[in-house]
Amino acid sequence: MLESYVTPILMSYVNRYIKNLKPSDLQLSLWGGDAVLSKLELKLDVLEQELKLPFTFLSGHIHELRIHVPWTKLGSEPVVITINTMECILKLKDDAHDDHESCGSSSTNRSTTESIKSLAKTRRIQQVTSTDPDLPPGYVQSLIRRVVNNVNIVVNNLILKYVEDDIVLSVNITSAECYTVDEFWDRAFMDILAPELVLRKIINFSDCTVCLDKRNASGKIEFYQDPLLYKCSFCTRLHFTYDNLNSKIPAVIKIQALVESLKLSITDQQLPMLIRIIQLGIALYYGEICSYKDVEAEETCSTAKEASITQIGTESETGPQGQHACQYQSMDAQQQLQQQGGDDDQGWVSWAWSLVPALVSYSEEGDESYEVDENGIKINCPRSSPPKDPIISVGIYCTKATITFKLTEMQTESSYYSPQKVKSKEVLCWEQEGTTVEVLMMGELFFDCQMGFVGCKAFCLKGIMGVKDFEEPSNRSETEACFFSCGESLNSKGLTYLTNSLFDYRSPENNGVRAEFILDAAQHKETYTEIAGVQRFGAFYMDYLYTMECSSGKGSVSQQQDVSANKSEDLGSVQEMSTKSLVIGPMEVQLDSSSVHRILKMVACGLDHEYEPYSKPHSETVDEKRTMPSQEELAALEEYIPTRLTCITVLKTTITITLAEFNLLDNLLPIILGEKNSMSYVSAPHFHPLRPLPALRIQVDKGSLEHSVPMYAGQLVPAVSSLNQPSDNLLHNCYAHCYVKIFGFQAGLTSLDSERSFCPPAPVIPPFSTAFYGKLLRLPSYWLKRPFVPTTECIFELPSLTLQATRAQTLLLQSILQSWTHNTGTSVSLPVDEALLKDIFRPSVSHLLQLMHFKQHNINSRHQDFWMCDYEDDLLLIVQLNLKHIWYCSILYNFAK
């Protein structure tokens, strides 16, 4: 009797996504306990319609599919679905392809419809004729729920490929397994029971390899690059919390993955392709690609609705920010699937991977949401109150990550007919510890993303462009190779990056307590402050928060499920807020020849491409026939205007600029500036190590930047510019504002010895603080007829600035500057000797020059040149000042001996 309930469920999943499948043969195989299907082709149009991705499938097939059903132990052993060798190839959608394949072939839709009709009719007859007293409806409901919640999915050799232009991105996973676990995260056969109402799952990924290669005009890959990621294994924990046993959707969904070691490798040829992939993700996030696809998807759904009853529903509504539609799209599609499809109409992704596991119900209560007509077709009935959006928490954690940048060169074998080979050389390395990426969202009302890491370092590896600065014979120390460090190490910081995650034994979920999430903007700001972020991570912390609430009745997020509908009808009743906070911990940066040229080489490689941007800036056209806003709209604007606020804070920072030991900027800057240089690099200058190495050292106690911009400038500026006398508040919000504050800025000269230790700096600029404020008018073409509205305004505040330097210090500063701005050719001739360095860094300085003292005045001055010098042999200084109509500078100087 159980076969009549379980078999239709399994058959509906398999038959919907696989072509040329005979339901009768599959049904007989399932009743025997095992079903083995070989060389299967996926229904690509169905996958595109249900996944709602901005990609189209070029091909997809499964080498072997095994389904094992333990009929005699169905209540204690899981159903195991094994997929051996699954390969799918995707590309970005284009308009022509969408028009041709969006609705799929009629034969495919017809076969799907007929099979679903037969299954629905069989199920209806089974429900009517079922009178077995040993299997009451409550027992069947509980058993089916346990079967679905304990399904094991095993995928061996999963291959995914994405192709675009000359880019081929492939992901190969040797094995992936999803299974149910107990409260200790051990494999078990579990059910959702009161009072905990929790379901836990684990997905283990083994040997994940990611490759990024370039293909030629014929579509073939001439030579393969080093893998971006090679044989990386990680574990994903899933935790679902339900409100009650009859809930279709979990109230809380928590999905978190932990990677112990992540080693990425990027070559100079892969870098522009990787940047292209990142730009694609950003374009999808901000809706620059998805926005015009939404209308097409809705039309596709309406056309295919008559052909198939297994439709997910309409596209998820585009949120107030286009990026949330793309972020929330896949999960929202699964929710709509659960709401409209009912029992048998779940999607493959939802059921197989249990992202949103449904409690399948076959009782009369579970069938109240639809009716079955005479042909066996379900007719959806309107629901009185749709379920609220679940709380979704996604986290990615990495203990240690390493990114290595490589330069490649072509090599040929000794034989003439031998193929070319690529040899790579590591030149730059980035190490990062304790990385955390956490996302918390609830529908369109709340979205928060936090990112941070405990510590990071950057190293120079081997030589670059002919200069053997870190080759084996150079005898450079490993500590000297590090040019950037920030934060702490995991040994001293501990496992703070895993706080409250599913991998933290102290988290509420691992102690049988239901977790509480902060979904209020004010409480969120009080809890996740800059101090809290630095204490948890140390090196870097970012918090991006977006909220939307109804201004008429502010309350908790759970009480405002209809805000999205109100937003489309009345903009004044919705208040939105977007804030980004970034904190960078204490860091040390050393800009020497080795590090600067490696960084610039990486930038030059990233810019060396001919890819077209995914989106182009819209031309600014003024609508002369725009209507003036009403009094109600003006009152709403006066009360609240949504803005995007970005705050960046940089804590104790030390930057050391050493004298350039070699200079290759003439070969790199033309490429960075957009000048395509087809000439090969000239022979690099000879590397001359100089010790002690003089340097300019800059220290900043704290720096902060605040940038605010109107969220909807395209709607705000036309409305305000149409007013005859707009208020100061409205004008203020039509600008982009920028505040910059620097505290404790100081600079001095120092030297770096062979043991990478600095001598006490000789001060050149004593500590001072400064501030800058600027504002820029948005959409200035709307204000051409308003000359009283300034386009930009700047205020620079500098209470005092003092420069002091001796003649020797001035000569050394000039030498450091010329070493970076002038190419010395094959030899390095610098006016720096041991006597000069001793004169600079001796304890007592006999000649001091207090050079400048700036004061603000309310008068303007034009270009002026000042020359000041002491005619004695031991002191010489020349200063030129260029002043442009803003400040008056009074120069106060005195010479002391």
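Bear in mind that the values here come from a model prediction, so they are computed numbers and not experimental data.

### Considering the overall build of the protein chain
Then, number 1: Helices and strands together make up the secondary structure of the protein chain, namely 23 helices and 26 strands.
Then, number 2: Within the protein chain, the fraction of its 897 residues that count as buried is 49%.
Then, number 3: Within the protein chain, residue pairs in contact and separated by at least 24 positions form 75% of the contacts whose partners lie at least 6 positions apart.

### With respect to the pattern of salt bridges
Then, number 1: Applying the stated rule across the entire model yields 18 salt bridges.
Then, number 2: For Arg-146, the salt bridge goes to Asp-191, with nearest N and O atoms at 3.9 Å. Placement of Arg-146 in helix H6 (residues 137-149) and of Asp-191 in the loop between strand E5 (167-181) and strand E6 (198-214) is noted, with a sequence separation of 45 residues between them.
Then, number 3: With relative accessibility at 25%, the residue Arg-146 sits in the partly exposed group.
Then, number 4: Across the salt bridge formed by Lys-254 and Glu-509, the nearest N and O atoms sit 2.9 Å from each other. With a gap of 255 residues between them, Lys-254 in strand E8 (residues 252-267) and Glu-509 in the loop between helix H13 (490-493) and helix H14 (521-527) connect regions that are remote in the sequence. Like Glu-509, Lys-254 is buried.

### Quick word on the packing of aromatic side chains
Then, number 1: The tally for this structure, following the rule as stated, stands at 9 aromatic pairs.
Then, number 2: For the ring pair Tyr-397 and Phe-503, a centre distance of 6.5 Å and an interplane angle of 70° mean the geometry is edge-to-face. Here Phe-503 lies in the loop between H13 and H14 and Tyr-397 lies in strand E11 (residues 391-412), a separation of 106 residues in the sequence. Each member of the pair, Tyr-397 together with Phe-503, is buried.
Then, number 3: Of note, Lys-775 hangs over the ring of Tyr-735, and the distance from its end group to the ring centre comes to 4.5 Å.

### Some thoughts on the side chain of Gln-225
Then, number 1: Turning to its location among the elements, Gln-225 is positioned in the loop between E6 and strand E7 (229-241).
Then, number 2: What Gln-225 contacts, discounting residues up to four positions off in sequence, is Leu-212, Asp-213, Thr-267, Gln-269, Gln-270 and Thr-408.

### Comments concerning the nonpolar core
Then, number 1: Core analysis: the biggest nonpolar cluster contains 116 residues, and Leu-65 and Ile-67 have the highest contact counts within it.
Then, number 2: With 8 residues, helix H1 (residues 3-17) is the single largest residue contributor to this core.
Then, number 3: Beyond its immediate stretch of four places on either side in the chain, Ile-67 contacts Leu-10, Val-14, Leu-30, Gly-33, Asp-34, Ala-35, Val-80 and Ile-81.
Then, number 4: Counting residues in each nonpolar core, the second largest holds 21 residues, with Ala-660, Leu-749, Leu-798 and Ala-808 among its members.

### Some points on helix H7 (residues 270-285)
Then, number 1: Under the 1.5 Å per step criterion, the end-to-end length of H7 is 23 Å for 16 residues, consistent within 8% with the ideal 22 Å.
Then, number 2: The complete set of buried residues in H7 reads Gln-270, Leu-271, Pro-272, Met-273, Arg-276, Ile-277, Leu-280, Ala-283, Leu-284 and Tyr-285.

### A look at a nonpolar patch on the surface
Then, number 1: On the surface, Ile-278, Ile-282 and Tyr-286 cluster together to form a nonpolar patch covering roughly 290 Å² of accessible area.
Then, number 2: When its relative accessible area of 44% is taken as the criterion, Ile-282 is described as partly exposed.

### Notes on the confidence of the model for the protein chain
Then, number 1: Chain-level pLDDT for the protein chain is 75 on average; 70% of the residues reach the 70-or-more range.
Then, number 2: Note that pLDDT drops below 50 for residues 563-571; the model gives that stretch 16 contacts with residues more than four away or on any other chain.

### Re the pairing of E6
Then, number 1: Taking burial as the measure, the 17 residues of E6 include 12 buried ones, the bulk of the element.
Then, number 2: Relative to E6, E5 runs antiparallel, the two sharing 14 bridges. If you follow Asn-172 over to E6, its bridge partner there is Thr-209.

### Quick look at the packing of helix H17 (residues 593-607) against helix H19 (residues 665-672)
Then, number 1: With their axes 9 Å apart at the nearest point, H17 and H19 run at an angle of 35° to one another. In the crossing of H17 with H19, the sense of the turn from one axis to the other is left-handed. Within the contact between the two elements, H17 uses His-597, Leu-600, Lys-601, Val-603, Ala-604 and Leu-607 and H19 uses Leu-665, Leu-668, Ile-671 and Ile-672.
Then, number 2: A breakdown of the residues in the contact of H17 with H19 according to their chemical character gives 8 nonpolar, 1 polar and 1 charged.

### Focus: the environment of Val-181
Then, number 1: Along the chain, the position of Val-181 falls in strand E5.
Then, number 2: The spacing of Val-181 and Leu-238 is 57 residues in sequence and 9.7 Å in space, taken between C-alpha atoms.
Then, number 3: Look past the residues within four positions of Val-181 in its chain and what remains in contact with it is Asp-186, Arg-187, Ala-188, Met-190, Arg-200, Lys-201 and Ile-202.

### Some thoughts on the side chain of Arg-786
Then, number 1: Within the fold, Arg-786 resides in the loop between strand E23 (762-777) and strand E24 (792-797).
Then, number 2: For Arg-786, the side chain forms a polar contact with the main-chain oxygen of Ser-721, separated by 3.0 Å.

### A word on the state of the cysteines
Then, number 1: If you walk through the whole model with that rule in mind, you get 0 disulfides.
Then, number 2: Lacking any disulfide linkage, Cys-482 is separated from the closest cysteine sulfur, that of Cys-460, by 8.9 Å.
Then, number 3: Assessed through its relative accessible area of 14%, Cys-482 is described here as buried.

### Brief notes about the environment of Glu-612
Then, number 1: In this fold, Glu-612 is placed in the loop between H17 and helix H18 (631-639).
Then, number 2: For Glu-612, a relative accessible area of 53% puts it in the exposed group.
Then, number 3: Residues Glu-612 and Arg-276, spaced 336 residues apart in sequence, show a C-alpha to C-alpha distance of 9.5 Å.

### Let's talk about the pairing of strand E15 (residues 540-550)
Then, number 1: Buried residues dominate E15, accounting for 10 of its 11 residues.
Then, number 2: Of the strand pairs in this sheet, strand E13 (residues 446-460) and E15 are connected by 8 bridges, and their pairing is antiparallel. Each bridged residue has a counterpart across the sheet, and for Asp-448 the counterpart in E15 is Leu-545.

Calculation notes
Along each chain, residue indices are assigned from 1 in the same order as the chain's sequence is written. Whole-chain, interface and lining totals are the exception, using all residues; otherwise, since this is a predicted model, local features are given only for residues with pLDDT of at least 70 and side-chain atom pairs are given and counted only at 80 or more. Values shown for side chains rest on all heavy atoms present in the structure; no hydrogens or waters enter the calculation. Helical segments are the DSSP runs of H or I of at least four residues, strand segments are the runs of E of at least two, and each set is numbered from the N terminus. Residue burial is assigned from relative accessible area. The probe radius is 1.4 Å, only protein chains are included, and a residue is buried under 20% of its type maximum, exposed over 50%, and partly exposed in between. We call two residues in contact whenever any of their non-hydrogen atoms come within 4.5 Å of each other. Only one rule defines a salt bridge in this text: a Lys or Arg side-chain nitrogen within 4 Å of an Asp or Glu carboxyl oxygen. Aromatic pairs are defined between Phe, Tyr and Trp rings, using the six-membered ring for Trp, whenever the two ring centres lie within 6.5 Å; interplanar angles under 30 degrees are classed as stacked, those over 60 as edge-to-face, and all others as tilted. Criterion for a charge above a ring: Arg CZ or Lys NZ at most 6 Å from the ring centre, at most 35 degrees from the ring normal. Residue types Ala, Val, Leu, Ile, Met, Phe, Trp, Tyr and Cys, when buried and joined through side-chain atoms within 4.5 Å, form a set referred to as a nonpolar core. Multiply 1.5 Å by the residue count of a helix minus one, and that product is the helix's expected span. Patch building starts from residues that exceed 30% relative accessible area and form no salt bridge, then joins like charges within 9 Å and nonpolar side chains (Val, Leu, Ile, Met, Phe, Trp, Tyr) within 5 Å. All accessible areas in this document rest on Shrake-Rupley with a 1.4 Å probe, and a residue is counted as covered only by the protein chains that are shown. A score between 0 and 100, pLDDT records how confident the predictor is in each residue. The pairing criterion for strands is at least two bridges between them, as found by DSSP. Axis angles are defined between N-to-C directions and span 0 to 180 degrees, where every axis is a line fitted to C-alpha atoms and, for a helix, only to the segment in contact. What makes a crossing left-handed is the near helix being turned counterclockwise from the far one by less than a right angle; a clockwise turn instead makes it right-handed. The nonpolar class holds Ala, Val, Leu, Ile, Met, Phe, Trp, Tyr, Cys and Pro. Asp, Glu, Lys and Arg form the charged class, and all remaining residues, Gly among them, are polar. Here a polar contact is recorded for every N or O atom pair within 3.5 Å, except that within protein the pair must consist of a potential hydrogen donor and a potential acceptor, and residues adjacent in sequence are included only if both atoms are side-chain atoms. Defined by distance alone, a disulfide is two cysteine sulfur atoms within 2.5 Å.

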